[in-house]
Amino acid sequence: MGAVRGWAALAAVVVLAGCGSARGPEDWRSNHVDAQVGQVRLVHVHVVAPPMNEQKVGQSLPLYLTLFNDSDKEQVLDQVSTEAASAVVYVDASGARTRGIRVVVPPKGQVSLQEGSDRPHLELAGTTRQLGATPFPVTFRFPTAGSVTVRVAVKSTK
């Protein structure tokens, strides 16, 4: 009887292992959608900031997200705005900042603007207030898909 239970447990493990995604451990990001506008999904949208007592009004803070385009046409993120900053700028892989945002998401593709050295991302330039633990609104505009406002989480650096 013990051998039967052992085989049953092994079979359950094999069946459960087969239920995972073929896309691997990063797949949760494509399934955890913070917002969607048309066929564009905004995933894992967040700002990284020091604790409130270390923040200064006017500083710049990184804004990270991944964009997924489920349509057959390219989508372009061309504007990002929030009352929490004077502007939202694009930071390229070299660290150069530009006020004009133009992030092209290919058909059926994705663009990562997530954390990492030498990776492009967005940045809140000239914060207008300290950002606490309460999510704050940020609006993302795609000319063909539309606009969507996301309540963005703030993750502490400590």
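Rules behind the numbers
- Residues numbered from 1 in each chain as written.
- Predicted model: local features only at pLDDT ≥ 70, side-chain atom pairs only at ≥ 80, totals over all residues.
- Heavy atoms only, no water.
- Salt bridge = Lys/Arg side-chain N within 4 Å of Asp/Glu carboxyl O.
- Helix = DSSP H or I, 4+ residues; strand = E, 2+ residues; numbered from the N terminus.
- Buried < 20%, exposed > 50% of the residue type's maximum accessible area, 1.4 Å probe, protein only.
- Core = buried A, V, L, I, M, F, W, Y, C linked by side-chain atoms within 4.5 Å.
- Pairing = 2+ DSSP bridges.
- Contact = heavy atoms within 4.5 Å.
- pLDDT = per-residue confidence, 0-100.

1. What to know about the pattern of salt bridges
Then step 1. Enumeration according to the criterion identifies four salt bridges in this entry.
Then step 2. Salt-bridge contacts for Asp-72 lead to Lys-108; the nearest nitrogen and oxygen are separated by 3.7 Å. Placement of Asp-72 in the loop between β3 (61-69) and β4 (75-77) and of Lys-108 in the loop between β8 (103-105) and β9 (110-113) is noted, with a sequence separation of 36 residues between them.
Then step 3. What makes Lys-108 exposed here is its relative accessible area of 56%.
Then step 4. Linking Arg-97 and Glu-123 is a salt bridge whose minimum nitrogen-to-oxygen distance equals 2.7 Å. With Arg-97 in strand β7 (residues 97-98) and Glu-123 in strand β10 (residues 121-127), the pair connects residues that are 26 residues apart, well separated along the chain.

2. A closer look at the nonpolar core
Here is a general trend for soluble globular proteins: nonpolar side chains tend to be buried in one another's company.
Then step 1. Membership of the largest hydrophobic core comes to 33 residues, with the highest contact counts inside it found for Leu-42, Leu-63, Leu-122 and Phe-140.
Then step 2. In terms of residue count, strand β2 (residues 40-49) provides more of this core than any other element does, five residues in total.

3. A word on the pairing of strand β6 (residues 85-91)
Then step 1. Of all seven residues in β6, five are buried, a share of seventy percent or more.
Then step 2. Relative to β7, β6 runs antiparallel, the two being bridged by two bridges. In the sheet register, Tyr-90 faces β7, and the bridge partner there is Thr-98.
Then step 3. What sits between β6 and β7 in their antiparallel hairpin is a turn of five residues, with Gly-95 showing a positive phi close to 100 degrees.

4. So, the environment of Thr-127
Then step 1. Mapped onto the fold, Thr-127 is located in strand β10.
Then step 2. For Thr-127, a relative accessible area of 3% corresponds to the buried category.
Then step 3. Each C-alpha atom of the pair Thr-127 and Val-57 lies 5.4 Å from the other, and the pair is 70 residues apart in sequence.
Then step 4. If sequence neighbours within four positions are ignored, Thr-127 has contacts with Lys-56, Val-57, Gly-58, Gln-59, Leu-61, Ala-84 and Ala-85.

5. Focus on the confidence of the model for the protein chain
Then step 1. Mean pLDDT over the protein chain works out to 85, with 80% of the residues at or above the 70 mark.
Then step 2. Contacts for the low-pLDDT stretch residues 6-31, under 50 throughout, to residues beyond four places or in other chains number eight contacts.

6. Re unusual backbone geometry
Then step 1. Despite not being glycine, His-44 shows a phi value in the positive range, around 55 degrees.
Then step 2. Checked against the element boundaries, His-44 lands in strand β2.
Then step 3. On the accessibility criterion, His-44 (17% relative accessible area) is buried.
Then step 4. Of note, the phi angle at Lys-108 is positive, near 55 degrees, even though the residue is not glycine.

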